[in-house]
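What the coordinates show
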Amino acid sequence: EGLPQTHDRDRTLWAFWKYLAIAISFGAARDWLMGASRRERRAGDEAAHFPTDRMQWLLWTLSLSSAALALVGMLQRLDGTPRLLWTFVNTLNAGHGAFGPYPYRSNGAQYLNLMWPVILGFWWVLRRRNVARRTAAHRSGGDPHVLLLVLAALTAAGVVVANSRGGVLVLVGLLVAVVVLVVVRTRRQWGFKLAVLATSLSVLALGGWLGGEAIWKRFSSE
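Chains are numbered independently. Their residues run from 1 in the order of the written sequence. Residue-level local features of this predicted model are given only where pLDDT is at least 70; pairs of side-chain atoms are given and counted only at 80 or more, and the full residue set underlies all totals for whole chains, interfaces and linings. Calculation of side-chain values draws on the structure's entire complement of heavy atoms; hydrogens and water are dropped beforehand.

1. Section: helix α6 (residues 165-185)
Comment: elements are numbered from the N terminus, with helices defined as DSSP H or I runs of at least four residues and strands as E runs of at least two. Here the expected length of a helix is defined as 1.5 Å per residue gap, with one fewer gap than residues. Compared with an ideal rise of 1.5 Å per residue, which puts 21 residues at 30 Å, α6 spans 30 Å between its outermost C-alpha atoms and is within 8% of the ideal. To sort residues, take the accessible area from a 1.4 Å probe on protein chains only and compare it with the maximum for the residue type: under 20% means buried, over 50% means exposed, and anything in between is partly exposed. Of the residues making up α6, those classed as buried are Gly167, Val168, Leu171, Leu175, Val178 and Val182. Mapping the buried residues of α6 onto a view down its axis gives an arc of 95°, with all of them on the same face. Looking at α6, the residues exposed on the side facing more than 90 degrees away from the buried face are Leu169, Val183 and Val184. Picture the helix axis, draw a direction to every C-beta atom, and the arc is the one those directions span.

2. Regarding the packing of helix α5 (residues 147-161) against α6
To obtain each axis, a line is fitted to C-alpha atoms, and for helices this fit is confined to the stretch in contact; angles are then taken between N-to-C directions over 0 to 180 degrees. Two elements in contact, α5 and α6, have axes separated by 8 Å at closest approach and are oriented at 140°. If you check the angle between α5 and α6, you find them oblique. Between α5, through Ala156, Val159 and Val160, and α6, the contact on the second element is made entirely by Gly167, Val168 and Leu171. The scheme is simple: roughly parallel for angles under 35 degrees, roughly antiparallel for over 145, roughly perpendicular for 65 to 115, oblique for anything else. Contacts: residue pairs with any heavy atoms within 4.5 Å of one another.

3. With respect to helix α3 (residues 53-79)
Taking 1.5 Å per residue, 27 residues should reach 39 Å; α3 reaches 39 Å between its end C-alpha atoms and fits that length. For α3, the complete set of buried residues consists of Asp53, Arg54, Gln56, Leu59, Ser63, Ser66, Ala67, Leu69, Ala70, Gly73, Met74 and Gln76. Gly80 sits one or two positions beyond α3 and adopts a positive phi of about 85°.

4. A short note on the pattern of salt bridges
One speaks of a salt bridge when a side-chain nitrogen belonging to Lys or Arg is within 4 Å of a carboxyl oxygen belonging to Asp or Glu. The final tally for this structure, using the stated rule, is 2 salt bridges. Arg11 is paired through a salt bridge with Asp8; the nearest N and O atoms lie 3.9 Å apart. On the accessibility criterion, Asp8 (31% relative accessible area) is partly exposed. The shortest N-O distance in the salt bridge between Asp53 and Arg39 comes to 2.8 Å. Of this pair, Asp53 sits in helix α3 while Arg39 sits in helix α2 (residues 38-42), placing them 14 residues apart in sequence. Taking the relative accessible area as the measure of exposure, Asp53 reaches 12% and is therefore buried.

5. What to know about a nonpolar patch on the surface
Patches here: salt-bridge-free residues with over 30% relative accessible area, like charges joined within 9 Å, nonpolar side chains (Val, Leu, Ile, Met, Phe, Trp, Tyr) joined within 5 Å. Values of accessible area rely on a 1.4 Å probe in the Shrake-Rupley scheme; residue burial ignores everything except the protein chains shown. Together, Leu13, Phe16, Trp17, Leu20 and Ile24 make up an exposed nonpolar region whose accessible area comes to about 510 Å². Relative to the helices and strands, Leu13 resides in helix α1 (residues 9-34). Residue Leu13 is classed as partly exposed on the basis of its relative accessible area of 41%.

Encoded structure:
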């Protein structure tokens, strides 16, 4: 009783095939990630430590796509159009809750809140690996993983611009947890601590500059 149901055969079959495709895609991605890349096979390093080459490719793809999604959502928000991606008519909530490709802002904020900690953790892992492999000729800041800090900040700032009150509360809670984790888990790594603190402050600054006034009005209305 109370469960969503339908007696529409066509819609039920469409939902079934869609969920089946999602399950198959997940299984295929997992099977692909469990294998070694060509470079790892040549080096005889098929049991490489996390993240493997394929996992790095996937995480880089997710990081770039999440930052791009946040940027598109912010541009759509600042433009004021109620259309999804400036193209599709949004009938949910009279079109006022659209954020990029999401018809409702809360859904977009939830996804971004899932992704920016992943991006930040990916940067943390790559940084530790690169620090262990550095030589005397290594130039500080020359590693490509530094870009992940920018992508994490942009993704997190999109949560504020999405104008979701729940999303902002979760964002603040996650930022506090990240700062506490960094302070507790790291010692004498002032460069690392400053990088995380600078990223957190840039999230609040960028998000507040672009969407602070709008989200403050929503909080004040309650």
